[in-house]
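Structure at a glance
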Amino acid sequence: MRIHTYIVEHDVGFAPNPFWGACTLANCKPKIRKHADVGDVIVGTGSAKYGKSGCLVYWMKVGQIVTFDQYWEDSAYREKKPNLRGSCMQQYGDNIYYTDANGEVCQIDSFHSESNGFLSKDNLVRDTSSTNRVLIGGEYLYFGKSAPEIPSEFIDFVVKGQGHKNNFPDSEVRRFLAWLMSFPQRGVVNFPLDW
């Protein structure tokens, strides 16, 4: 079991998407999505632009890993397909990729599309070129605007800049995991920082 940590640069409820009963990481962070295993824990910390550097935006335990097509076709995740005319939760759905009859990956109109609704090739390439994996967590805690400060004793788990970390001593992983699990609530605590 590993812990993967990174900074949530755009906290809009898209990556991660903590709504509709599961926390999902289906876009962005392709290296984490490619290498994480079931049982690993993903930790997203706040960015300086929100004044939340060193704060815990969310954690999720990876319970399942599926492909884009499995995610797209599973009725359990139908609510995670974006509806840009709906509520914020609906607008920022992350279930946006599927393979068409010609074997091409398609992107529906979403937060990762161009502002005019057309395909964003840059986002499609970043999201899909190196992995087609979607991480799903049924056990998670998403703080959003209520992100608490991570204690200084766990500062090594906070990423400074782009990328991610996942190479920590087992003893530190156990201690940090115990702190994460010490929060009594689960699910969504507050709205995303960008709302």
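Higher on the page you've got the structure.
Our subject in this report is the structure included herewith. (Residues numbered from 1 in each chain as written. Predicted model: local features only at pLDDT ≥ 70, side-chain atom pairs only at ≥ 80, totals over all residues. Heavy atoms only, no water.)

1. Comments concerning the sheet that holds strand β10 (residues 164-165)
Rule in force here: Here, any two strands with at least 2 DSSP bridges between them count as paired. What counts as a helix is a DSSP run of H or I of at least four residues, what counts as a strand is a run of E of at least two, and both are numbered from the N terminus.
One open sheet accounts for 6 strands, arranged β10-β1-β3-β4-β9-β11; its pairing is mixed. Of all strands in the sheet, those with a lone pairing partner are β10 and β11 (187-188), marking the two edges. For strand β9 (residues 139-142) and β11, the ladder comprises 2 bridges, and the chain directions are parallel. Pairing of Y142 across the sheet is with V188, part of β11.

2. Description of the sheet that holds strand β5 (residues 64-67)
Counted only if it meets this: In this analysis an axis means a line fitted to C-alpha atoms, helices contributing only their contacting stretch, and an angle means the value between N-to-C directions, from 0 to 180 degrees.
Taken in spatial order, the 3 strands line up as β2-β8-β5 in an open sheet, and their pairing is antiparallel. Sheet topology places β2 (23-25) and β5 at the edges, where each strand pairs with a single neighbour. Within the sheet, the average angular offset between the axes of one strand and its neighbour, ignoring direction, is 25°. Across 3 bridges, β2 lies against strand β8 (residues 133-137) in antiparallel orientation. By the bridge assignment for β8, C23 is matched with G137.

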